[in-house]
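Examining the three-dimensional arrangement
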Amino acid sequence: MNNTDLVFQSYGRCCRKDEFFVDFYQFFMASSDAIRNRFADTDMAAQRHLLRNGVMQIILVARGMSDRKLKDLGHSHNRHNYNIQPEWYGLWEESLLKTVQVHDPDYTPELRQAWREVLKPGIDLIRGAY
Ligand code: HEM
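Cut-off values and rules
- Residues numbered from 1 in each chain as written.
- Predicted model: local features only at pLDDT ≥ 70, side-chain atom pairs only at ≥ 80, totals over all residues.
- Heavy atoms only, no water.
- UniProt positions renumbered as here; feature names shortened; annotations may be inferred.
- Phe/Tyr/Trp six-rings, centres within 6.5 Å; stacked < 30°, edge-to-face > 60°.
- Helix = DSSP H or I, 4+ residues; strand = E, 2+ residues; numbered from the N terminus.
- Buried < 20%, exposed > 50% of the residue type's maximum accessible area, 1.4 Å probe, protein only.

The chain goes by Globin in an unreviewed UniProt entry, where it is assigned to Marinobacter halophilus. Annotation of the chain in UniProt includes, under Sequence similarities (unreviewed entry), the sentence "Belongs to the globin family."

What follows is the structure, encoded as structure tokens:
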């Protein structure tokens, strides 16, 4: 199986429970006060659903699908809109990997590496639109 297949299946196991997204935002917001502040006025139940789809978009783009929706995310996150600092994406990725480790019963260090490689182009695209 290639990396995108491994990650696609891993994400399927993670998405079985909404706690995956609850835990992700807990890790992510705990990683910096600046990040916690960004979500102070956010409806987190809605945000968890949006993120579920956003991560799926990143995986689908790594599998060859159009990156149009990721470009839209790059636009909403750039300096003129949410103004998401480029250095925050490392915290985002670390939080996601930590959440996968907690939630995927088939987690291995190799799977972590596969996730990193699959996430990279999507994160680079969104961060690069800053
Ligand atoms: C909104 C995904 C990184 C903060 C959103 C939305 C999605 C999303 C799907 C909702 C759609 C939209 O408003 O455009 C992602 C993905 C990321 C990422 C896939 C990583 C590649 C970050 C980072 C931060 C952040 C690093 C830093 C704090 C926000 C905020 C909103 C948002 C503040 C708006 C929340 C609101 O409506 O109140 N993100 N995001 N995102 N994201 Fe991200």
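1. Comments concerning the packing of aromatic side chains
Summed over all chains, the structure comprises 9 aromatic pairs. Where Tyr11 meets Phe21, the ring centres are 6.4 Å apart and the plane angle is 85°; that geometry is what we call edge-to-face. Here Tyr11 is found in helix H1 (residues 3-14), whereas its partner Phe21 is found in helix H2 (residues 19-30), with 10 residues between them in sequence. Each of the two residues, Tyr11 as well as Phe21, counts as buried. Where Tyr11 meets Trp115, the ring centres are 6.0 Å apart and the plane angle is 75°; that geometry is what we call edge-to-face. With Tyr11 in helix H1 and Trp115 in helix H7 (residues 109-128), this pair connects stretches of sequence that are 104 residues apart. For Trp115, a relative accessible area of 0% translates into the label buried.

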